[in-house]
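# Coordinate analysis (summary)
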Amino acid sequence: MNLPNSLTLLRLFLVPIIYYALVRELFAVALSLFLTAAITDALDGWIARHYHLQTRLGALLDPVADKLLVVMTVITLTWLQRIPLWLTVAVISRDLLIAGGSLLYLLLIGKFVASPTLLSKWNTALQFGVIVLVLAEAALHTRFPLLPIFVLAFLMVVISGGQYAWVWSRKAIAQEGASNEP
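A few points on the structure. Residue positions within a chain follow its written sequence, with the count starting from 1. In view of the model being predicted, local features appear only for residues whose pLDDT reaches at least 70, and side-chain atom pairs are presented and counted only at 80 or more, with totals across whole chains, interfaces and linings using the full set of residues. The side-chain numbers reported here are obtained from all heavy atoms of the structure, hydrogens and water having been left aside.

## Let's talk about the overall build of the chain
Condition: We count a stretch as a helix when DSSP gives it H or I for four or more residues in a row; a strand needs E for two or more, and each element gets its number in order from the N terminus. Accessible area is worked out with a 1.4 Å probe on protein chains only. A residue is then buried under 20% of its type maximum, exposed over 50%, and partly exposed in between. For the area figures, the Shrake-Rupley method with a 1.4 Å probe applies, and any residue is considered shielded solely by the protein chains shown. Positive residues here are Lys and Arg, negative ones are Asp and Glu, while His and the chain termini are left out of the count. Lysine's charge is taken at NZ, arginine's at CZ, aspartate's at CG and glutamate's at CD.
Of the regular secondary structure elements, the chain holds six helices and zero strands. In sequence order, the secondary structure elements of the chain are arranged as α-α-α-α-α-α. Dimensions of the chain along its principal axes, counting C-alpha atoms only, are 65 × 40 × 25 Å. Considering the chain as a whole, with its 182 residues, one finds that 40% of them fall into the buried category. For the chain, the accessible surface area stands at approximately 10700 Å², while carbon and sulfur atoms represent 71% of it. With 12 positive and 9 negative side-chain charges, the chain shows a separation of 1 Å between the mean positions of the two kinds.

## Concerning the packing of helix H1 (residues 3-23) against helix H3 (residues 56-79)
Short version of the rule: Here an angle of 0 to 180 degrees is reported between the N-to-C directions of two axes, which are lines fitted to C-alpha atoms, with helices fitted over the stretch in contact. Relative orientations are named as follows: roughly parallel for angles under 35 degrees, roughly antiparallel for angles over 145 degrees, roughly perpendicular for angles from 65 to 115 degrees, and oblique for any other angle. We call Asp, Glu, Lys and Arg charged. Ala, Val, Leu, Ile, Met, Phe, Trp, Tyr, Cys and Pro are nonpolar, and the rest, Gly among them, are polar.
Packing of H1 against H3 brings their axes to within 9 Å, and their N-to-C directions diverge by 10 degrees. When the axes of H1 and H3 are compared, the pair comes out roughly parallel. The residue inventory of the contact of H1 with H3, partitioned by class, reads 15 nonpolar, five polar and three charged.

## Some points on the packing of aromatic side chains
Let me state the cut-off plainly: Aromatic pairs are defined between Phe, Tyr and Trp rings, using the six-membered ring for Trp, whenever the two ring centres lie within 6.5 Å; interplanar angles under 30 degrees are classed as stacked, those over 60 as edge-to-face, and all others as tilted.
Evaluation of the coordinates by the stated rule reveals four aromatic pairs. Between Trp86 and Phe154, the aromatic rings sit 5.6 Å apart at their centres with planes inclined by 75 degrees, giving edge-to-face as the arrangement. Separated by 68 residues along the polypeptide, Trp86 in helix H4 (residues 85-108) and Phe154 in helix H6 (residues 147-179) bring together distant segments of the chain. Residue class for Trp86 comes out partly exposed when judged on its relative accessible area of 37%. A relative accessible area of 29% means that Phe154 is categorised as partly exposed.

## Quick word on the pattern of salt bridges
The following threshold applies: What makes a salt bridge here is a side-chain nitrogen of Lys or Arg within 4 Å of a carboxyl oxygen of Asp or Glu, nothing more.
As enumerated under the stated definition, the model contains seven salt bridges in all. Among the ionic pairs, Asp95 bridges to Lys67, the shortest N-O distance being 3.4 Å. Here Asp95 is found in helix H4, whereas its partner Lys67 is found in helix H3, with 28 residues between them in sequence. Counted as one network, the salt bridges with shared partners bring together Arg11, Asp41, Asp44, Asp62 and Asp66.

## As for empty space enclosed by the protein
Put simply, the rule reads: Here a cavity is any set of points on a 1 Å grid over the protein atoms alone where a 1.4 Å probe fits but cannot get out, and a pocket is any open set with protein on both sides within 12 Å along at least 5 of 7 lines; a residue lines the site when it has an atom within 4 Å of a point. Grid points are joined across faces, edges and corners, and a volume is the space filled by probe spheres set on the points.
For the coordinates displayed, the defined rule picks out one cavity of 30 Å³ or more. There is about 40 Å³ of room inside the largest cavity. Lining of the largest cavity is provided by Val74, Leu87, Val91, Gln127, Val130, Ile131 and Ala153. Listed by contribution, the elements that provide at least two residues to the lining of the largest cavity are H4 and helix H5 (118-140). Broken down by element, the residue count for the lining of the largest cavity peaks at three residues, all from H5. Across the lining of the largest cavity, the residue classes tally to six nonpolar, one polar and no charged.

## Examining the packing of H3 against H5
Rules: Handedness of a crossing follows from how the near helix is turned relative to the far one, being left-handed for an anticlockwise turn of less than a right angle and right-handed for a clockwise one. Two residues form a contact once any of their heavy atoms are found within 4.5 Å.
Across the interface, H3 lies against H5 with an axial gap of 11 Å and an inter-helix angle of 40 degrees. Judged by the angle between their axes, H3 and H5 are oblique. Handedness of the H3/H5 crossing: left-handed. Contacts between H3 and H5 involve Asp66, Lys67, Leu69, Val70, Thr73, Val74 and Leu77 on the former and, on the latter, Thr124, Gln127, Phe128, Ile131, Val134 and Leu135. When the residues that make up the contact of H3 with H5 are grouped by side-chain class, the tally is eight nonpolar, three polar and two charged.

## What to know about unusual backbone geometry
Unlike most non-glycine residues, Gln81 shows phi in positive territory, near 60 degrees. Here Gln81 is to be found in the loop between H3 and H4. In this model, His141 sits at a positive phi of 55 degrees, which is unusual for a non-glycine residue. Its location among the elements puts His141 in the loop between H5 and H6.

Spelled out as structure tokens, the structure:
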């Protein structure tokens, strides 16, 4: 156990607490906790890379923590009618596409090393930003023009999901071609 992994575990620990704050409509609390989780996400990756503390556990836990945090938050905010259903469906569908594609690749082709693309990192950052804006709007009892940001997030989700489908299908085709050579 090292500092980056501890920060990831803290983010996982915050997920049910943020959920509780959301369902109780304690939006200022949820916002501060979510910002704390977002900061731990940035810090754990930076510390792991900068100090060469990357571990297999961290490589597995970090994306799980991100997905749990984002998916739980967008589902709950959709239930509270603060994020449109179409955006939440897109976010979850992209994650299911990636998870299903990874499993299919593993079963049909074999082992692979999953690494997030730059576009995927931007997508995650945009999703975090959308959540922060929605929570800030609720906490401050004000209205922000969120529709353009929702549309941008939707487009980023679709493009990022498409990129994963394209990259992994190309890898599968190349791998299949290499295995068919005499």
